[in-house]
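Descriptive analysis of the structure
What follows is each chain in one-letter form.
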Amino acid sequence: MDRLRPLVLLTCAALVFGVAVAGRLVSASRGLPESRYWATKVAHRADADIVLAGCSRIYSGLSPGAMSPLLPRRRIVNFGFSACAYSPAYMDAVERVLDPSAPDPVVVLGIAPHNFLAGAAAQNQFTVSGTASLQTLWWDRRFGGVFDPVDVGALGGRLRGYQVTCTFHTDGWAARRMTPGDPSAYLPMVRQTYARERVSPALVRGLIDRTRKWRRAGVRVYALRVPVAPAILQEEDKLSGMDMAVFRRSFAAAGGRWLSIDEAGLGTFDGSHLRDACAVVYSGRVAQCVAADAAPAGTRRRNQ
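Below, the structure is looked at part by part. All values reported here derive from a predicted model rather than from experimental measurement. (Residues numbered from 1 in each chain as written. Predicted model: local features only at pLDDT ≥ 70, side-chain atom pairs only at ≥ 80, totals over all residues. Heavy atoms only, no water.)

**Brief notes about the environment of Val228**
Here is the rule: The numbering of helices and of strands both runs from the N terminus, where a helix is a DSSP run of H or I of at least 4 residues and a strand a run of E of at least 2. The contact criterion used throughout is that any non-hydrogen atoms of two residues lie within 4.5 Å.
Mapped onto the elements, Val228 comes out in the loop between strand 6 (220-224) and helix 12 (230-239). If near-sequence neighbours (up to four positions away) are discounted, Val228 is found in contact with Arg57, Leu233, Thr268, Gly271 and Ser272.

**Observations concerning the sheet that holds strand 3 (residues 106-110)**
Applicable threshold: We call two strands paired when DSSP finds no fewer than two bridges between them. Between the N-to-C directions of two axes lies an angle of 0 to 180 degrees, each axis being a line fitted to C-alpha atoms and, for a helix, fitted only over the stretch in contact.
The sheet built from five strands is open, its strands ordered 2-1-3-6-7 with parallel pairing. Edge strands, defined here as strands with exactly one partner in the open sheet, are strand 2 (76-78) and strand 7 (257-258). Pairing between strand 1 (residues 50-53) and strand 2: three bridges, direction parallel. Counterpart to Val51 in the pairing with strand 2 is Val77. Running at roughly 145° to strand 6, helix 14 (residues 276-292) makes contact with strand 3, strand 6 and strand 7 of the sheet.

**Structural notes on the nonpolar core**
Going by this rule: In plain words, nonpolar cores are sets of buried Ala, Val, Leu, Ile, Met, Phe, Trp, Tyr and Cys residues tied together by side-chain atoms within 4.5 Å. Note on exposure labels: buried denotes an accessible area under 20% of the residue type's maximum, exposed denotes more than 50%, and partly exposed covers the range between, all computed with a 1.4 Å probe on protein chains only.
Among the nonpolar cores identified, the biggest contains 54 residues, and Phe79, Tyr86, Tyr90, Leu109, Ile111, Phe116 and Phe247 are the most heavily contacted of them. Once you skip the residues sitting within four places of it in the chain, Tyr86 turns out to touch Ala53, Gly54, Met91, Leu109, Gly110, Ile111, Asn115, Phe116, Leu203 and Leu207. Within the second largest apolar cluster, 24 residues are counted, among which are Leu52, Val106, Val286 and Val290.

**A short note on the environment of Lys238**
Applicable threshold: Residues adjacent in sequence count toward polar contacts only when both atoms are side-chain atoms; beyond that, a polar contact is any pair of N or O atoms within 3.5 Å, and within protein one must be able to donate a hydrogen and the other to accept it.
Along the chain, the position of Lys238 falls in helix 12. For Lys238, a relative accessible area of 55% puts it in the exposed group. Separated by 44 residues in the primary sequence, Lys238 and Tyr194 place their C-alpha atoms 9.6 Å from one another. Among the polar contacts made by the side chain of Lys238, one reaches the side chain of Glu235 at a distance of 3.1 Å.

**Brief notes about the pattern of salt bridges**
Quick reminder of the rule: Whenever Lys or Arg places a side-chain nitrogen within 4 Å of a carboxyl oxygen from Asp or Glu, that contact is recorded as a salt bridge.
A full pass over the atoms with the stated rule returns 15 salt bridges. Note that Arg74 is salt-bridged to Asp104, the shortest N-O span being 3.7 Å. Of this pair, Arg74 sits in the loop between helix 4 (64-67) and strand 2 while Asp104 is found in the loop between helix 5 (88-97) and strand 3, placing the two residues 30 residues apart along the sequence. Overall, Asp104 belongs to the buried group, its relative accessible area being 2%.

**Description of the packing of aromatic side chains**
Rule in force here: Here a Phe, Tyr or Trp ring, Trp counted by its six-membered ring, pairs with any other such ring whose centre lies within 6.5 Å, and the pair is stacked when the planes are under 30 degrees apart, edge-to-face when over 60, and tilted otherwise. Either the NZ atom of lysine or the CZ atom of arginine qualifies as a charge over a ring when it sits within 6 Å of the ring centre and within 35 degrees of the ring normal.
Overall, the coordinates contain 16 aromatic pairs when judged by the stated rule. Between the aromatic rings of Tyr86 and Tyr90, the centroid separation amounts to 5.9 Å while the plane-to-plane angle is 50°, which identifies the pairing as tilted. Across the pair, Tyr90 and Tyr86 agree in class, each one buried. The ring of Phe81 has Lys41 lying over it, and the distance from NZ or CZ to the ring centre is 5.5 Å.

The structure is reproduced here in structure tokens:
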């Protein structure tokens, strides 16, 4: 019996592991488990020709896979993080994702007023992932989500009468949808956010200065505002304290190019984030603009 005990314990452990994995597969969205998604994303180093930067509107709204056909042989990484702001630390990280040997490096910046809030700069998904221990990141990149049999986010949504579906991709895109959709769902958060704080001019200047630095180094820098519901757009512009027209002029003076993307036929699932199918369409339109603006081969360079 004593000799059988190790075999029994091993069998029980295997069964527990199998149940956990099966439960996770049944309850979670497709793709990477969320913890593995963030750990994989924050680990990118010098492995991209094109970096897509910003908050959840970027990581939900721009699919590298949908952009690749129009930008062939380019390594595209979605480096967006929830509630992310353009802090110096985040912009340093964006630089580290770009391959120094890329002949025509590109950064695409998602711009929204909340990207320039001091509170967001201090605490967001990037700061959480970036300050995790090496041991935690190592574990999450390999086994993250395996032992989480219940998808708490999905369960909470069902209890409130809706279902959120999310597929986390290795290229950094999160394909998301909500059933039923609600284009006004995000509106209370907008009002609460800007009742607490308004846009920091220092953070805006920081991004403009970094754009100038990147352009001097030969990096093409683009900015865009991912489509949102009209009511969200109106409230952000009214309450945030950010003048988008002034920002666009400053951005252009620093060498960046603002992309005005056709929004026809695009819709959000919560007023603030593109539905997965619309994100695919939008990504293709963005890629088409970037490809059309490609620098001539003889002028591509990056000074270190």
